[in-house]
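Structure assessment
Chain by chain, the residues:
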Amino acid sequence: MVARIMIPIILAIMLSDLYIDMHYWRHHSGYRWWKRLLWWSPSMGMLVYTIALGTIRNFVPDDLRWVNLYMLLVGIVVYPKAVFSLFSVLGRLTRHYITHSHRNWGTPVATVIIVISLFMIGYGSTRGFRVLKVKHITVTFDDLPPAFDGYRIVHFSDAHVGTFTGSLRHLLVRDIDSINAQHPDLIAFTGDLQNIRPREIKPVVPILRRLQARDGVVSVLGNHDYAEYVKVPSAQKQSNCRSTIRLEQRCGWRLLNNAHEVIRRGNDSLVIVGEQNLELPDSANLPRAMQGVGSKAFAIVLQHNPKGWDEHIRRDARARLTLSGHTHGGQLSVFGLRATQIAYREDYGLYRKGRQYLYVTSGIGGLIPFRFGISPEIAVITLRRSTAPR
């Protein structure tokens, strides 16, 4: 994880401290060598910490507390100085070439941004991650089988149960209780049950087994569930993936890997289709998952990655509703702006194109326990049949 951003963080650490040292501290007559050492010590510590995490074999260390602490320190040690340096430079350039004034406007602007950012970091790391939103969505179809009018699906995703350890474990219990409190007809989980390894799931199997719905729990795997973030031989990755599958089955969930099942109410039926994760080469296979499904069927598709909706799912008119996760809604949203909107056309919420719908949930967890402006959620989706003529 840190390896992917190691170079930018190292540059932010070194260049911001160097800039502040040269343009501010050196002009103070009392800037002794020991004060300079004190100033550079946190940055040197962060430099060592960054290199240590960036050179480990796996995506993240086995103990996620090292990553959580690192991200917190980046937010309170590296980020403020980088923001201050950036705006100070912009202010100097503006003063020199445009305003010709003696005041550097970058300093007060940077101060405001830093104060707001520190509030966001503090709130998002504490209260923000602990608030669960129960979102109610009604989706209307003109061809919904009549017996399923009012059918309730609780959709949740991205549990990342390895994050719910210690004092956070009660949050997972609360989430499961909240799902059951909706009295759903069906519970659909759209992937990323674990962070890195299946052993994270074992302690919470008794909690996950408590999920109850009239038609049970269906699920698909997410990118984290395929053991892609551990540097082990291919055979071990496959073994880890099989362990994850077995653990989901121990929870009483019906895992749909490019497969489907039919739910019946008298003469009417819904088809629940599960695709493997889009990101794995040659894995997602909707035709295989739909094999044997009639041309007039009403299908609900589970696909962890919402990109699959535009790439291939919408080509099949039977896929009337698609449920996805993966994006976490960016875990940070300011005035409705999310970083995930850059990479994903549909990154959070309900989308409609023609007669087909996609719902992308923000999920209930995350590798890093942080949320600001986009709460963990469970989505209660009620299917309704339109009374308008077709």
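See above for the structure.
Let me begin by describing the structure that accompanies this report.

What counts as what
Residues numbered from 1 in each chain as written. Predicted model: local features only at pLDDT ≥ 70, side-chain atom pairs only at ≥ 80, totals over all residues. Heavy atoms only, no water. Salt bridge = Lys/Arg side-chain N within 4 Å of Asp/Glu carboxyl O. Helix = DSSP H or I, 4+ residues; strand = E, 2+ residues; numbered from the N terminus. Buried < 20%, exposed > 50% of the residue type's maximum accessible area, 1.4 Å probe, protein only. Core = buried A, V, L, I, M, F, W, Y, C linked by side-chain atoms within 4.5 Å. Contact = heavy atoms within 4.5 Å. Pairing = 2+ DSSP bridges. Polar contact = N/O pair within 3.5 Å; in protein donor to acceptor, adjacent residues only side chain to side chain. Expected span 1.5 Å × (residues − 1). Arc of directions from axis to C-beta. Axes fitted to C-alpha atoms, helices over the stretch in contact; angles between N-to-C directions. Parallel < 35°, antiparallel > 145°, perpendicular 65-115°, else oblique. Left-handed = near helix turned anticlockwise from the far one by under 90°. Nonpolar A, V, L, I, M, F, W, Y, C, P; charged D, E, K, R; others polar.

Here we come to the pattern of salt bridges. On inspection of all chains with the given rule, the structure shows 20 salt bridges. Here Arg199 makes a salt bridge to Asp62, at a shortest N to O gap of 3.6 Å. Note that Arg199 is positioned in the loop between strand S3 (186-189) and helix H7 (205-208) and Asp62 in the loop between helix H2 (33-54) and helix H3 (65-99), a separation of 137 residues in sequence. For Asp62, a relative accessible area of 54% gives the class exposed. Notably, a salt bridge pairs Arg384 with Asp149, separated by 3.6 Å at the nearest N-O pair.

This part takes up the nonpolar core. In globular proteins that are soluble, nonpolar side chains generally tend to be buried together. Counting residues in each nonpolar core, the largest one holds 28 residues, and the members touching the most others are Phe156, Leu193, Leu208, Leu211 and Trp253. Listed by contribution, the elements that provide at least two residues to this core are strand S2 (152-156), helix H6 (169-180), S3, H7 and strand S14 (377-385). Ranked by residues supplied to this core, first place goes to H6 with 4 residues. Apart from the residues within four sequence positions on either side, Leu208 is in contact with Ile176, Leu193, Ile201, Cys251 and Trp253. Counting 27 residues, the second largest nonpolar core, distinct from the first, contains Val220, Tyr348, Tyr359 and Ala379.

Further remarks concern the pairing of strand S12 (residues 349-353). Across 5 bridges, S12 lies against strand S13 (residues 356-360) in antiparallel orientation. Residue pairing across strands places Leu350 opposite Tyr359, the latter belonging to S13. Here S12 folds back onto S13, and the loop between the two strands holds 2 residues, one of which, Gly354, carries a positive phi near 65 degrees.

Examined against the element boundaries, Lys81 turns out to sit in helix H3. Taking the relative accessible area as the measure of exposure, Lys81 reaches 13% and is therefore buried. Looking at Lys81, its side chain comes within polar contact range of the side chain of Asp17, at 2.9 Å.

The subject of this paragraph is helix H4 (residues 106-125). In this model H4 runs 28 Å from its N-terminal to its C-terminal C-alpha over 20 residues, within 8% of the 28 Å that 1.5 Å per residue would give. Those residues of H4 that sit buried are Gly106, Ala110, Ile114, Ser117, Met120, Ile121 and Gly124. One face of H4 carries all of its buried residues, which in axial projection span an arc of 130 degrees. The exposed set on the far side of H4, more than 90 degrees from its buried face, consists of Val115 and Phe119. In the core, the buried residues of H4 are packed alongside H3, helix H5 (127-130) and strand S10 (333-334).

So, on to the packing of helix H1 (residues 6-23) against H3. Two numbers describe a pair of packed helices, the interaxial angle and the distance between the axes. At a minimum axis distance of 9 Å, the contact between H1 and H3 shows a crossing angle of 50 degrees. The pairing of H1 with H3 is recorded here as oblique in orientation. In the crossing of H1 with H3, the sense of the turn from one axis to the other is left-handed. For the pair H1 and H3, contact is made by Ile9, Ala12, Ile13, Ser16, Asp17, Tyr19, Ile20 and His23 and by Tyr70, Val78, Lys81, Ala82, Phe84, Ser85, Ser88, Val89 and Arg92, respectively. For the contact of H1 with H3, the class distribution of residues is 10 nonpolar, 4 polar and 3 charged.

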